[in-house]
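Read off the chains here:
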Amino acid sequence: DAGVTQSPTHLIKTRGQQVTLRCSPKSGHDTVSWYQQALGQGPQFIFQYYEEEERQRGNFPDRFSGHQFPNYSSELNVNALLLGDSALYLCASSRDYGYTFGSGTRLTVV
Amino acid sequence: ELKVEQNPLFLSMQEGKNYTIYCNYSTTSDRLYWYRQDPGKSLESLFVLLSNGAVKQEGRLMASLDTKARLSTLHITAAVHDLSATYFCAVDFPPGSQGNLIFGKGTKLSVKP
């Protein structure tokens, strides 16, 4: 049973560029959440998708947007990248309670 | 403001010793999660505590939840080097929902021989 799959694993972008990260949830899970984890910090909630709609959003600017597809997979888009966006981006899927995290995408903005 | 506070933030232990990590939270959540993270890796689920008084054990780790005190503990028994990692506690917000997780800052555990 495949867990949560994220791609790519690593990414280097230049300030001002745009990036798209992808997530395939664990089989049977219908809810996808995205988190940003800066070095040495705990993960911070970005937003959550359920039934292809954003259900909840954390304290992140509109530069961060997302999408969920009918097969429950999800994308995270970040526009106008800043140096401070460099972090590990984690996707978590869930159904009912309990969350399974993917291995993350390490984004470096230079 | 919702807060999840862990202490200590750094813990250096000797192998064979016991210690406890504490997690205090400010919401009324009755659901608490513990995760382990190795350097550069993702989060591994350790325990999900679903009700007041819940206690779960796996190997040398035991977690408990006191919702009245808004406190969870992660107890380490006879530590071994393989337990070296960062441990996070988290709660659902809004409480009781399948909402987002609010994490503590993490406790970086180093077990030395």
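Just above sits the structure.
All values derive from a computational prediction rather than experimental measurement.

A.B. asks: Now, about the state of the cysteines: what can you tell me, with residues and values included?
C.D. replies: Overall, the coordinates contain two disulfides over all chains when judged by the stated rule. Two residues, Cys23 of chain A and Cys91 of chain A, share a disulfide whose sulfurs are 1.8 Å apart. For the disulfide bridge between Cys23 of chain A and Cys91 of chain A, the dihedral angle about the S-S bond is near -60 degrees, and by the sign convention the bridge is left-handed. With Cys23 of chain A in strand β3 (residues 19–24) and Cys91 of chain A in strand β9 (residues 87–94), this residue pair connects regions lying 68 residues apart in the sequence. Here Cys23 of chain B connects covalently by a disulfide to Cys89 of chain B, the sulfurs 2.0 Å from one another. Measuring the twist about the S-S bond at about 85 degrees, one finds the Cys23 of chain B-Cys89 of chain B disulfide to be right-handed. On the criterion of sequence distance, the pair formed by Cys23 of chain B in strand β3 (residues 19–25) and Cys89 of chain B in strand β9 (residues 85–93) is long-range, its members being 66 residues apart. What makes Cys89 of chain B buried here is its relative accessible area of 0%.

A.B. asks: An account of the interface of chain B and chain A is needed here, citing residue identities and associated values.
C.D. replies: Taken together, the contact pairs 21 residues of chain B with 23 residues of chain A. For the pair chain B and chain A, the summed buried surface comes to about 1,600 Å²; carbon and sulfur atoms form 52% of the total. Along the contact surface separating chain B from chain A lie zero salt bridges. Here chain B and chain A share five residue pairs in polar contact (both at pLDDT 80 or more) between them. Elements with a minimum of two residues in the side of chain B that touches chain A: β4 (32–37), β5 (43–49), β9 and β10 (100–103) of chain B. Its residues placed into classes, the side of chain B that touches chain A shows 10 nonpolar, seven polar and four charged.

A.B. asks: A description of the sheet that holds strand β6 (residues 55–58) of chain B should follow, citing residues and the corresponding values.
C.D. replies: All names here are of chain B. Strand order in the open sheet formed by five strands is β1-β3-β8-β7-β6, and the pairing between neighbours is antiparallel. Edge positions in the sheet fall to β1 (4–7) and β6, since each has one partner strand and no second. In this sheet, neighbouring strand axes are inclined to one another by 15 degrees on average, regardless of whether the strands run parallel or antiparallel. Of the strand pairs in this sheet, strand β7 (residues 61–66) and strand β8 (residues 71–76) are connected by six bridges, and their pairing is antiparallel. Across the sheet, the residue bridging to Leu65 is Ser72, located in β8.

A.B. asks: Got a sec to walk through the pairing of strand β4 (residues 31–37) of chain A? Specific residues and values, please.
C.D. replies: Residue and element names in this part refer to chain A. The buried count for β4 comes to seven of seven residues, which makes it a mostly enclosed element. The side-chain alternation of β4 yields two buried faces, one formed by Thr31, Ser33, Tyr35 and Gln37 and the other by Val32, Trp34 and Gln36. Examined bridge by bridge, β4 and strand β5 (residues 44–50) share six bridges and lie antiparallel to one another. In the strand pairing of β5, Val32 is matched with Tyr49. Counting the residues between successive antiparallel strands, the hairpin from β4 to β5 contains six residues, one of them, Gly40, with a positive phi of roughly 80 degrees. In terms of strand pairing, β4 meets β9 through seven bridges, oriented antiparallel. Residue Val32 lies in a different strand from β9, and its bridge partner there is Ser93.

Calculation notes
- Residues numbered from 1 in each chain as written.
- Chains lettered and ligands numbered in written order.
- Predicted model: local features only at pLDDT ≥ 70, side-chain atom pairs only at ≥ 80, totals over all residues.
- Heavy atoms only, no water.
- Disulfide = S-S within 2.5 Å.
- Helix = DSSP H or I, 4+ residues; strand = E, 2+ residues; numbered from the N terminus.
- Buried < 20%, exposed > 50% of the residue type's maximum accessible area, 1.4 Å probe, protein only.
- Contact = heavy atoms within 4.5 Å.
- Buried area = accessible area lost by both parts, 1.4 Å probe.
- Salt bridge = Lys/Arg side-chain N within 4 Å of Asp/Glu carboxyl O.
- Polar contact = N/O pair within 3.5 Å; in protein donor to acceptor, adjacent residues only side chain to side chain.
- Nonpolar A, V, L, I, M, F, W, Y, C, P; charged D, E, K, R; others polar.
- Pairing = 2+ DSSP bridges.
- Axes fitted to C-alpha atoms, helices over the stretch in contact; angles between N-to-C directions.

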